[in-house]
Amino acid sequence: MSNEVAASAVAAVGVPNAAPEGCREGAKEERAAYVAYPRRWAVLGTVALLNISNAALWINIAPVAYTVASYYKRQLWEVNWFSLVFLFVSIPFCFVSTFSVNRLGLRPAIHIGAGLNCLGGLLRAFSGVIGNLDAQFAISLTGQTIAGMAQSFLLFIPTKVSQLWFPEDARAIATTVLSLSNPLGIVVAQVAAPLIVTAEGDFPTLNYVFGALAVLAEAATIVCITRSKPPTPPSQSAARGEVRRAAYLQQLRTTFTCWPYLLLLVSLGCGVALFSSLATVTQQLLCPLGYTDLFGGIANAAMILSGFVGSAITGVTADKTKAFTPITKVCYGAATIFAIVMLEMFMVPGQPELVATFTGLFGFFGVGAYPIGLELAVEATYPVEESISTAFIFMSGQLQGVLIIALVTLLGRKQKPQFEDIETCTKSGNADIEPKDYTVSLMVIMTYLVVVVSVMILFFETSYKRLEAERLTPDPVAATSNSTACSSSPSSSNRSLSPRSSASSFHSLTESGKALRGGGGGGKSEEVVQDWNEREGEDGTERSQL
């Protein structure tokens, strides 16, 4: 029965069963013409280095926040602006960066981000040679703001890089590597900052070290990022997607009217928010319980390094199985359970092994699932520009991160008397900073996390539109070659009579494909058909419809 269905699908689109042998061979050659260039690894490495540098600039003050507050003779909330400014600046620049990628391409966007990151790092380094502390603070915070602008151009492009440079069977792992470069930068900062800043006077050295890293990343960008995409695309969706995009505002409308994407927007954003806020305030949460700055950095490092292992496993599994939805649901469910236990441990002194263990387990599942969630967002919104779906998820994370950090600050209560003798917050001489009890803050965060992730697990379902398009739609490269090489064939002439007949034939192929899959997909596959038909147009011109 399945052979009959397949035969009817072949007949519907007039594929070259009835065409001359030479045409069939030419089609096969063209279908295999996609190329994965070795240069893709240089692009991946450069973008990863940029994200490492940018993340390190973002978070390198957080592990030593109390010491830096003492150095500047400022209150803790003022020093927290070095982390918070990244969250605030990235929100409006989310629109700027996605529009730039959409209109200018990948290469200009990367160079803009690299330049801003380098300038921000150099300003922070330069501030250390100024004698006046107020001027130092202002110049360093200005540099931090500029580096925050760069984040929007660097952090939102992993799925875009993997789409343009990597073949279908390597996209998930490429996205995983690039997505984890930002957490890797956080690990570097969390561990290095307490080792570099052992006293107040060491703080300028911290700026010099990470300013030099920003310069190195800029040099790598100049050498390695010389084009937006390879001469020959690596996959069918890359070949088709780059020449057929709707207008930017129409892509935004399509994105924000996609119900599965909206669920991802909130749930993945919640995961990003928890991760970002922990990277910012872990030291402030743990020092009232007697944990040192170095242990706070180690706890964050355990979360991220275990996330690398989880991401490697989920990335390879997703590339082989394409089971994006089940992987995301299982990992986020497990991450929520371990996050609750981890936050419970944040209320108990003298348990460093348990804190590190459950922080690591949260990272394994939470950080490990994030890159697969980004790929899932691309599948749900295809053919929308890949950087758009990624950017707004991260913007959602930034907004929710601001909310979580605000809850930590506003709901903090007076330190419990039994912990006054063990706290380490004021041991470096900054006795004007008051350690607090964050029990209420952590309970509210746990409740919020459970509600958001539960809704996502229960109600999220989507078709894999990009994969369906690659498997069910005619290959644009092969179609172009066949129409040229076989134009003298009667069957070829009949196939090119009208766009309407071509669309009708493709619809027959889609229906046959659904039959082969046992009727799975329902109306979801028709979305791909409608998208293809609209973009073909009645007279062969492109339409600005998704």
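Please refer to the structure placed before this passage.
Residues numbered from 1 in each chain as written. Predicted model: local features only at pLDDT ≥ 70, side-chain atom pairs only at ≥ 80, totals over all residues. Heavy atoms only, no water.

**A few points about the overall build of the chain**
Assigned secondary structure in the chain consists of 24 helices and 2 strands. The proportion of buried residues among the 546 residues of the chain is 57%. Considering only residue pairs separated by 6 or more positions, the chain has 85% of its internal contacts joining residues 24 or more positions apart. For the chain, the computed accessible surface area is about 21,000 Å², with 65% contributed by carbon and sulfur atoms. (Helix = DSSP H or I, 4+ residues; strand = E, 2+ residues; numbered from the N terminus. Buried < 20%, exposed > 50% of the residue type's maximum accessible area, 1.4 Å probe, protein only. Contact = heavy atoms within 4.5 Å. Areas by Shrake-Rupley, 256 points an atom, 1.4 Å probe, with all protein chains shown as cover.)

**Concerning empty space enclosed by the protein**
Taken as a whole and assessed by the stated rule, the structure comprises 4 cavities of 30 Å³ or more. Roughly 340 Å³ of volume is contained in the largest cavity. Elements represented by at least two residues in the lining of the largest cavity include exactly helix H10 (171–196), helix H14 (259–286), helix H16 (324–345), helix H17 (352–381) and helix H19 (439–459). Of the residues forming the lining of the largest cavity, the biggest block, 7 residues, is contributed by H14. Of the voids in this model, the second largest cavity is the one considered here, and its volume is about 100 Å³. Leu289, Phe346, Met347, Asp437 and Tyr438 are, among the 13 residues lining the second largest cavity, the residues nearest its centre. Those elements that provide at least two residues to the lining of the second largest cavity are strand S2 (436–437) and H19. Class assignment for the residues of the lining of the second largest cavity results in 8 nonpolar, 2 polar and 3 charged. (1 Å grid on protein atoms, 1.4 Å probe; cavity = no way out; pocket = protein on both sides within 12 Å on 5 of 7 lines; lining within 4 Å. Points joined across faces, edges and corners; volume = space filled by probe spheres on them. Nonpolar A, V, L, I, M, F, W, Y, C, P; charged D, E, K, R; others polar.)

**So, the pattern of salt bridges**
Here the structure, examined in full by the defined rule, presents 8 salt bridges. The residue Glu200 makes a salt bridge to Lys73 at a minimum N-O spacing of 3.9 Å. In this pair, Glu200 sits in the loop between H10 and helix H11 (203–224) while Lys73 sits in the loop between helix H4 (65–72) and helix H5 (76–79), placing the two residues 127 residues apart along the sequence. In this structure Glu200 comes out as partly exposed when scored by relative accessible area, which is 26%. Note that Lys329 is salt-bridged to Glu461, the shortest N-O span being 3.2 Å. A residue pair is termed long-range when its members are at least 10 positions apart, and Lys329 in helix H16 and Glu461 in the loop between H19 and helix H20 (465–472) qualify at 132 residues. Exposure remark for Lys329: the relative accessible area of 15% places this residue in the buried category. By relative accessible area, Glu461 is classed as partly exposed at 49%. (Salt bridge = Lys/Arg side-chain N within 4 Å of Asp/Glu carboxyl O.)

**Digging into the nonpolar core**
Leu278 and Phe346 are the most contacted members of the largest nonpolar core, which totals 113 residues. When residues in this core are grouped by element, the largest group, 15 residues, is from H14. The contacts of Phe346, once residues within four sequence positions are left out, are Leu278, Leu285, Leu286, Leu289, Val355, Thr359 and Leu442. Within the second largest apolar cluster, 23 residues are counted, among which are Val43, Val47, Ala109 and Ala114. (Core = buried A, V, L, I, M, F, W, Y, C linked by side-chain atoms within 4.5 Å.)

**Points about the packing of helix H3 (residues 39–59) against helix H7 (residues 106–127)**
Working note: a packed helix pair is described by the angle between its axes plus the distance between those axes. Between H3 and H7, whose axes approach to 10 Å, the crossing angle comes to 35°. The chirality of how H3 crosses H7 is left-handed. In this structure, H3 contributes Val47, Leu50, Ser53, Asn54 and Leu57 to the contact, and H7 contributes Ile110, Ala114, Asn117, Gly121 and Arg124. Split into classes, the residues belonging to the contact of H3 with H7 amount to 5 nonpolar, 4 polar and 1 charged. (Axes fitted to C-alpha atoms, helices over the stretch in contact; angles between N-to-C directions. Left-handed = near helix turned anticlockwise from the far one by under 90°.)

**Topic: the environment of Leu264**
Within the secondary structure, Leu264 is located in helix H14. For the pair Leu264 and Leu376, spaced 112 residues apart in the sequence, the C-alpha separation amounts to 8.6 Å. Apart from the residues within four sequence positions on either side, Leu264 is in contact with Gly269, Gly373, Leu376, Ala377, Ile393, Met456 and Phe460.

**Side note on H17**
Helix length check: H17, at 30 residues, gives a terminal C-alpha distance of 43 Å against a target of 44 Å (1.5 Å per residue), a fit within 8%. At Tyr370, H17 shows its maximal kink, close to 30°; a proline, Pro371, follows between one and four residues later. For H17, the buried fraction is high: 22 of the 30 residues fall into the buried class. (Expected span 1.5 Å × (residues − 1). Bend = angle between axes of the 7 residues up to and from the residue.)

Honestly, it's all geometry; don't read function into it.
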